[in-house]
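Understanding the architecture of this molecule
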Amino acid sequence: MSSTPQAVSTTPKRTEKTRFSLKKILLLIAVALVMLFSLAPVLWQLLTSFKVNEDIAAVPTVYFPTRFTFSHYIELFTRRPFWRYIFNSAFVSITSTALALAIGAPAAYALARLRPWGEQFILASILIVTLFPGILLFLGLLEIIQALRLGNNYLALIIPYTAINLPLTILVLKSFFQQLPKDLEDSAKVDGYNTLQLLWQIVLPMTLPALVTTGILTFIFAWNEFIFALTFITREELKTIPVAAAQLGGATVFEIPYGAIAAATVVGTLPLVLLVLFFQRRIVQGLTAGAVKG
């Protein structure tokens with residue numbers, strides 16, 4: 001007897017494949033729209049920093065210029081000591097970040113492992129402090145800065161930045177310390193390690209991604225902070241990038257140097273972009289550590 005081959009229907013597979021392709025295309029379109037919405041202001045500032053003044057003031061608006069110039073960047077570093085502003089921002093941000101990590105890491109480890117008396121009260125206090133907007137601390141910090149005569153001093157920014165970033169640093173690092181296996185610490189104690197040696201030689205190397213992630217968050221806050229830097233620092237040679245960019249002026253009172261402001265924005269943002277790109281892998285490790293337990 002001869003058997004006739006039965007036809008296999010491919011309609012369900014094709015339908016499923018079509019749905020998958022359509023779903024993937026819609027997802028790509030959604031991602032592209034979100035990226036465009038997020039990066040459009042950055043692209044606008046970047047293009048404006050290279051436009052000639054005629055294109056900046058042109059009506060209708062010139063979105064994509066055909067004439068490019070570096071004069072705004074040259075003007076930025078010739079008319080103002082912008083290298084000094086970059087140094088000020090870098091020094092204040094790096095110092096406050098290092099102090100926040102140096103103080104916050106031992107405090108977080110003590111809360112995670114040593115279980116001090118009043119632990120719940122301490123954690124509740126830290127959590128409450130993180131809920132306060134920095135602007136609510138402005139008047140109190142101003143009185144303290146005036147009483148200690150710290151105006152026009154790097155410490156006028158380093159101390160507040162460190163204090164504001166400490167609660168976040170402690171809470172983030174505490175959660176990471178709690179996720180570490182305690183067997184390694186017990187083994188190190190058997191080998192004669194004291195608490196400081198245990199923290200410095202065992203715990204901190206294991207939580208390097210968390211330290212990098214927390215450090216970058218505190219660095220970005222210190223780099224971008226404006227209100228405190230505007231009020232506590234009035235000397236030109238001590239100003240930070242956000243204040244210097246906001247106070248850029250034109251040749252006359254009625255002129256707004258849009259090109260120079262855009263160039264200052266690009267110069268002030270570029271170090272943060274390079275920092276995030278350089279530590280991208282560490283940041284991802286720090287954000288995803290402990291998310292999956294095997």
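Residues numbered from 1 in each chain as written. Predicted model: local features only at pLDDT ≥ 70, side-chain atom pairs only at ≥ 80, totals over all residues. Heavy atoms only, no water.

Moving on to helix α3 (residues 71–79). Listed as buried for α3 are His 72, Tyr 73 and Leu 76. With its buried residues spanning 105° around the axis, α3 presents them on a single face. Turned more than 90 degrees away from the buried face of α3, the exposed residues are Ile 74, Thr 78 and Arg 79. (Buried < 20%, exposed > 50% of the residue type's maximum accessible area, 1.4 Å probe, protein only. Helix = DSSP H or I, 4+ residues; strand = E, 2+ residues; numbered from the N terminus. Arc of directions from axis to C-beta.)

To continue, consider the UniProt feature "transmembrane region" (unreviewed entry) in the protein chain. Annotation from UniProt places "transmembrane region" (unreviewed entry) at residues 25–44, 85–109, 121–142, 154–177, 198–223 and 256–279. Strand forms 0% of residues 154–177 and helix 96%; the C-alpha atoms that close the span are 32 Å apart. (UniProt positions renumbered as here; feature names shortened; annotations may be inferred.)

Bringing the packing of aromatic side chains into the picture now. Summed over the entire model, instances satisfying the criterion amount to 15 aromatic pairs. On the basis of an interplanar angle of 20° and a centroid distance of 6.0 Å, the ring pair of Phe 87 and Phe 91 is categorised as stacked. With Phe 87 and Phe 91 both in helix α4 (residues 82–114), this residue pair falls 4 residues apart, about one helical turn. For Phe 87, a relative accessible area of 43% translates into the label partly exposed. Between Phe 219 and Trp 223, the aromatic rings sit 5.7 Å apart at their centres with planes inclined by 25°, giving stacked as the arrangement. Here Trp 223 and Phe 219 lie together in helix α10 (residues 208–224), a separation of 4 residues that amounts to about one turn. Trp 223 carries the same exposure label as Phe 219, and that label is buried. Counting every residue linked through ring pairs, the aromatic cluster contains Phe 77, Phe 82, Trp 83 and Tyr 85. It is Lys 51 that lies over the ring of Trp 44; its NZ or CZ is 4.2 Å from the centre. (Phe/Tyr/Trp six-rings, centres within 6.5 Å; stacked < 30°, edge-to-face > 60°. Lys NZ or Arg CZ within 6 Å of the ring centre and 35° of its normal.)

It is worth spelling out the layout of surface pockets at this point. Think of a ball as big as a water molecule: rolled over the atoms, this probe shows where empty space is left. Roughly 240 Å³ of volume is contained in the largest pocket. Within the residue set of the lining of the largest pocket, elements represented by two or more residues are α5 (119–131), α7 (155–179) and α11 (227–232). Of all the elements, α7 adds the most residues to the lining of the largest pocket, at 4 residues. When its residues are assigned to classes, the lining of the largest pocket shows 13 nonpolar, 2 polar and 1 charged. (1 Å grid on protein atoms, 1.4 Å probe; cavity = no way out; pocket = protein on both sides within 12 Å on 5 of 7 lines; lining within 4 Å. Points joined across faces, edges and corners; volume = space filled by probe spheres on them. Nonpolar A, V, L, I, M, F, W, Y, C, P; charged D, E, K, R; others polar.)

Packed helices, taken two at a time, are described by the angle between their axes plus the distance between the axes. Their axes nearest at 11 Å, the elements α10 and helix α13 (residues 258–278) cross at an angle of 180°. When the axes of α10 and α13 are compared, the pair comes out roughly antiparallel. Contacts between α10 and α13 involve Ile 216, Phe 219, Ile 220, Trp 223 and Asn 224 from the former and Gly 268, Pro 271, Leu 272 and Leu 275 from the latter. In terms of residue class, the contact of α10 with α13 is made up of 7 nonpolar, 2 polar and no charged. (Axes fitted to C-alpha atoms, helices over the stretch in contact; angles between N-to-C directions. Parallel < 35°, antiparallel > 145°, perpendicular 65-115°, else oblique. Contact = heavy atoms within 4.5 Å.)

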